[in-house]
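Residues per chain, in single letters:
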Amino acid sequence: MDVGFQRIAVINRGEAAMRLINAVRELRYEHDVDVRTIALHTDVERTAMFVREADEAICIDLGRPTDAGSPYLDLEVLENALVATRADAAWVGWGFVAERPEFAELCERLGVTFIGPRPEVMRRLGDKIEAKLLAERSDVPVAPWSGGPVESVEDAQEHAERIGFPLMIKATAGGGGRGIRKVTEAAGLGEAFASARAEGAKAFGDPTVFMERVVTDARHVEVQLIGDNHGSIWAVGVRDCSMQRRNQKVIEESHCVAMTPQQDRDLRAAAVRLAEAAGYSNAGTVEFLFQPADDAFAFLEVNTRLQVEHPVTELTTGLDLVKLQIHVASGGRLDGDPPSTEGYAIEARLNAEDPQRAFAPAPGVVETLSLPVGSGIRVDTGVAEGDVIPPEFDSMIAKIIAAGRTRDEALGRLHRALSQMTVLVRGGTTNKSFLLDLLQRPEVRAGTVDTSWLDRLTAADGHLPTRLADVAIVAAALDAADLLAVIDQEAFFGTAARGRPHVEADVGHDVELRFAGDSYRVGLRRILADRYEVVLDDVTVVVDVERLGGARSRLTVGAERYAVVSTVQDSEHLVEVDGVAHRFSRDDAGVVRAPSASLVVRLDVAVDDVVEAGSRLAVVEAMKMEIAIHAPVSGRVRDVLVAANAQVVAGAPLIRIEPEGDTGGSSGGRERVSMAPLATPTDPDAAELVRASILGYDVPTERACALVEGGDVERAAAGAAPVLDAFADLCALAPERVDADSDGRGGAREYFNTYLRSLDAEREGLPDWFRDRLLRALAHYGVTDLDPSPALRDALHLIFVSQQRRDEQVAIVAALLRDPLADPAFRGTLDRLIDATRRRFPSIAGLARAVRYRLFDRPHIEHARADISSAMTR
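Figured I'd write up the structure that's included with this text. Just so we're clear, the structure is a prediction, and the values are computed from it rather than from any experiment.

1. Notes on unusual backbone geometry
Along the chain, Phe165 connects to Pro166 via a cis peptide bond; the corresponding omega equals -5 degrees. Mapped onto the elements, Pro166 comes out in the loop between helix H7 (153-163) and strand E6 (167-175). You will see that Asp139, though not glycine, has its phi angle at about 60 degrees, which is positive. Structurally, Asp139 is set in the loop between helix H6 (128-137) and H7. The exposed category is assigned to Asp139, whose relative accessible area is 61%. At Asn645, a position not held by glycine, the phi torsion is positive, near 70 degrees. Position of Asn645 among the secondary structure elements: in the loop between strand E35 (635-640) and strand E36 (647-648).

Set out below in structure tokens:
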């Protein structure tokens, strides 16, 4: 393979930059060539993966005004960087200046090889109007269109009468889904025309638009081209990119199952004719719409660059298109025929966006990134754990590509790979659950999706998750309860640090959650270290929680186990159960928040306005996309908490609405979540519940008493002894008077309170005898040493809670001592119970002595008497 240069500047970032860096590394090893990569980056990206992995790097935004726009689009900045780095080639990938002929001309002027088509070809094909005219001259079918630019609303109306509705208004310099508006009726034509022109001018510096008929029930198919500078052009694959939302591709496939082999060949031939007419070289893509019902194709546009979805073609042809770009840019030839395609490949785009908030960008810091492995899986990414996904740029985290012998195998591998992934973005979220849900849809599995299918689905809120919502609400409630427990602990240790420990001994917590327009009051009771009772609408569910580290856990409800990944961001809870994501918020009285870090473009309401659920409240802009903020409920606007043109962070409160009437109307017709399907028929073990009550968990003493009085707890070493052991060991930490074995400076109670001030046994001078008592008590909570840890703090807090309930617990102990069964192991328990309670609870000590006498002492005495009597009789 020819490589005619040594220093390649990467005019891109993230995953695109990594694609080039990886290709060059392989070339160095394969062909023993000395080629270096130079990453151009902004200051906030100085530690990003692509900067770390490149051979050299240069910052391109130091000293630039913050409002100067992206430096990746500033030709003067890029020229200075190319000169400073002594680059002899530039690779642009996709996005930014990838389709700007001005940059290619800049490279030509500097003597830098532009790894892409010639600037005059880019200009001819990048202008969508010129490209359509060239397609018509090349005998490539084109849908009815305006035939040229549309200059005014009046012109638009004339063209609309001829073209018919629905139609599209497109910016001629557009790309990436921007500058495009769909119009279904004449009434919306004027607003759409103005909006498309404005977005085209803002995003691309060119307000020119044209119009074309919407090809309904169509598939979006595209031909991957690669051409050399000697006249050879290969059409190496036909991709199906029909699954798109608002003209942004979501899932792409290496083939279109709706096309016949002959249609595939015809489409490739048409793309090659157009490319030859334009004098094309390097990588490019010709896009078409295909109507299976009519067997008709219509030319859309040419992308004069490499496409994001190129890996699906690589996996089915064995080509490396980036290496081929370098090869042909170096003057290399494409010899022979293009390789045939084998197998099938599918790609999904994992983005930092929130499907439950109208796909608003949701960037942040990548806290956890666990990528899938296994047969037929490829992952292209530009981020690692700890990296920042900045709000200024594209929200893509990774592309997951699966290959198989058949489409079904590729789909299965893609689903498996996405299921295996764990991605946590602090301050943001991802569309992983949305992608998994799409792969489960029968239309996707059957391959019948057209370009409007996903927009129809999302418009009807059909993409919002409903499966496993009951488990998700349990997980969200557990997270909320954990937060409250942390607050309780902090308050307790705060008072202990001041020498007067105090705690509220309330049982459990109630949390208020909001989901899909409905409010849920969930009761949480922690009945063991990792077991909870969750109560909603009089339905109780027992849940075992296994903490797996970070945000991962496993919930067991009855015989079912669920993998959970959950994060809490301010008042928002994002919970993923077996790959299905749900968003909850702690109910905050109608506050409407910013979906992401954004700029408030305008406000559509004022204080005291009455709004309906779904009506627009404001418009914000994030990542160059305008996002409408809608009212979640009907009501009256009580507060407008921001001003127009203000920059806000993700989750910032914008508007407060006082709900009126039924606030459940925004649930989109979905039923209220019920936990009845999760309810388990059996209660937890009675002896465990009683012991948990003694240890300070959320089991009311009256409930424990009822279990003992009702005979649910076996009065033997297996049942009563663990309960009485716990009571005795915790009592030993707080006797009423000074202990007989103390050193004269104070008793166990004083030492315990002293220790709670700092949790430092050495500093507080704890004697060995008290340490032994403390460790014996902590052992009931699974804590084996005094090293500071969350488990130690949790146990100490529970011990103090238990002490506040001690007087109530006496009735439990007394009930267990009434008719215990004789068991040799029970004797030691009784001895320790007598010693621990002889001062504060003499009645319990007396009862324990009586039981000890009746079960162990009296039989021994009577046996001895019988032996003596027998001897005397003899």
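2. Observations concerning the side chain of Arg13
Its place among the elements puts Arg13 in the loop between strand E1 (7-10) and helix H1 (14-31). Beyond its immediate sequence surroundings of up to four residues, Arg13 is in contact with Glu45, Phe50, Tyr72, Phe96, Pro390, Phe393 and Asp394.

3. Looking at helix H5 (residues 119-126)
Buried within H5 we find Pro119, Val121, Met122 and Leu125. Axial view of H5: buried residues confined to an arc of 160 degrees, hence all on one face. Buried positions along H5 lie against helix H4 (101-110), strand E5 (113-114), H6, helix H9 (261-278) and strand E13 (296-303).

4. A few points about the side chain of Lys249
Of note, Lys249 is situated in strand E11 (residues 248-253). A polar contact is formed between the side chain of Lys249 and the side chain of Glu222, at a distance of 2.8 Å. Of the polar contacts made by the side chain of Lys249, one reaches the side chain of Glu287; its length is 3.0 Å. Every residue in contact with Lys249, bar those within four places of it in the chain, is listed here: His220, Glu222, Cys241, Met243, Gln244, Glu287, Gln307, Glu309 and Arg349.

5. Here we look at the sheet that holds strand E29 (residues 580-586)
The pairing of strands in a sheet happens through backbone hydrogen bonds and is either parallel or antiparallel. Taking strand neighbours around the barrel as the criterion, the 8 strands line up as E22-E23-E24-E25-E26-E27-E28-E29 in a closed arrangement whose pairing is antiparallel. Between one strand and the next, the sheet's axes are offset by a mean angle of 35 degrees, whatever the strand orientation. As defined by bridge partners, strand E22 (residues 509-515) adjoins E29 across 2 bridges and the pair is classed as antiparallel. What sits directly across from Leu513, in E29, is Arg586.

6. Things to note about the packing of aromatic side chains
When we look at a pair of aromatic rings, we describe it by the centre distance and by the angle of the planes. Applying the stated criterion across every chain, the model contains 18 aromatic pairs. A cation over a ring is seen here: Lys132 above Trp145, with NZ or CZ 5.8 Å from the ring centre. Taking the ring centre of Tyr520 as reference, the NZ or CZ of Arg672 above it sits at 4.1 Å.

7. As for the packing of helix H17 (residues 686-695) against helix H19 (residues 720-731)
Between two packed helices, both the angle of their axes relative to each other and the distance between the axes serve to describe the pair. It is at 9 Å that the axes of H17 and H19 come closest, and there the two elements cross at 5 degrees. As summarised for this structure, H17 and H19 are arranged roughly parallel, according to the angle between their axes. Residues Ala687, Val690, Arg691, Ile694 and Leu695 of H17 form the contact with H19, whose own contacting residues are Pro722, Val723, Ala726, Phe727 and Leu730. Split by residue class, the contact of H17 with H19 holds 9 nonpolar, no polar and 1 charged.

8. With respect to the pattern of salt bridges
Scanning the model with the defined rule gives 69 salt bridges in all. Taking the shortest distance from any N to any O, the salt bridge between Asp729 and Arg776 comes out at 3.1 Å. Residue Asp729 is located in helix H19, and its partner Arg776 is located in helix H22 (residues 768-778); the two are separated by 47 residues in the primary sequence. Judged by relative accessible area, Asp729 falls into the buried class, the value being 7%. For Arg776, a relative accessible area of 43% puts it in the partly exposed group. For Arg827, the salt bridge goes to Asp857, with nearest N and O atoms at 4.0 Å. Here Asp857 lies in helix H26 (residues 842-873) and Arg827 lies in helix H25 (residues 826-837), a separation of 30 residues in the sequence. Salt bridges here are not isolated pairs; linked through shared partners, they connect Glu222, Arg239, Lys249, Glu252, Glu287, Glu309 and Arg349.

Here is what the cut-offs are and how they apply
Residues numbered from 1 in each chain as written. Predicted model: local features only at pLDDT ≥ 70, side-chain atom pairs only at ≥ 80, totals over all residues. Heavy atoms only, no water. Helix = DSSP H or I, 4+ residues; strand = E, 2+ residues; numbered from the N terminus. Buried < 20%, exposed > 50% of the residue type's maximum accessible area, 1.4 Å probe, protein only. Contact = heavy atoms within 4.5 Å. Arc of directions from axis to C-beta. Polar contact = N/O pair within 3.5 Å; in protein donor to acceptor, adjacent residues only side chain to side chain. Pairing = 2+ DSSP bridges. Axes fitted to C-alpha atoms, helices over the stretch in contact; angles between N-to-C directions. Phe/Tyr/Trp six-rings, centres within 6.5 Å; stacked < 30°, edge-to-face > 60°. Lys NZ or Arg CZ within 6 Å of the ring centre and 35° of its normal. Parallel < 35°, antiparallel > 145°, perpendicular 65-115°, else oblique. Nonpolar A, V, L, I, M, F, W, Y, C, P; charged D, E, K, R; others polar. Salt bridge = Lys/Arg side-chain N within 4 Å of Asp/Glu carboxyl O.

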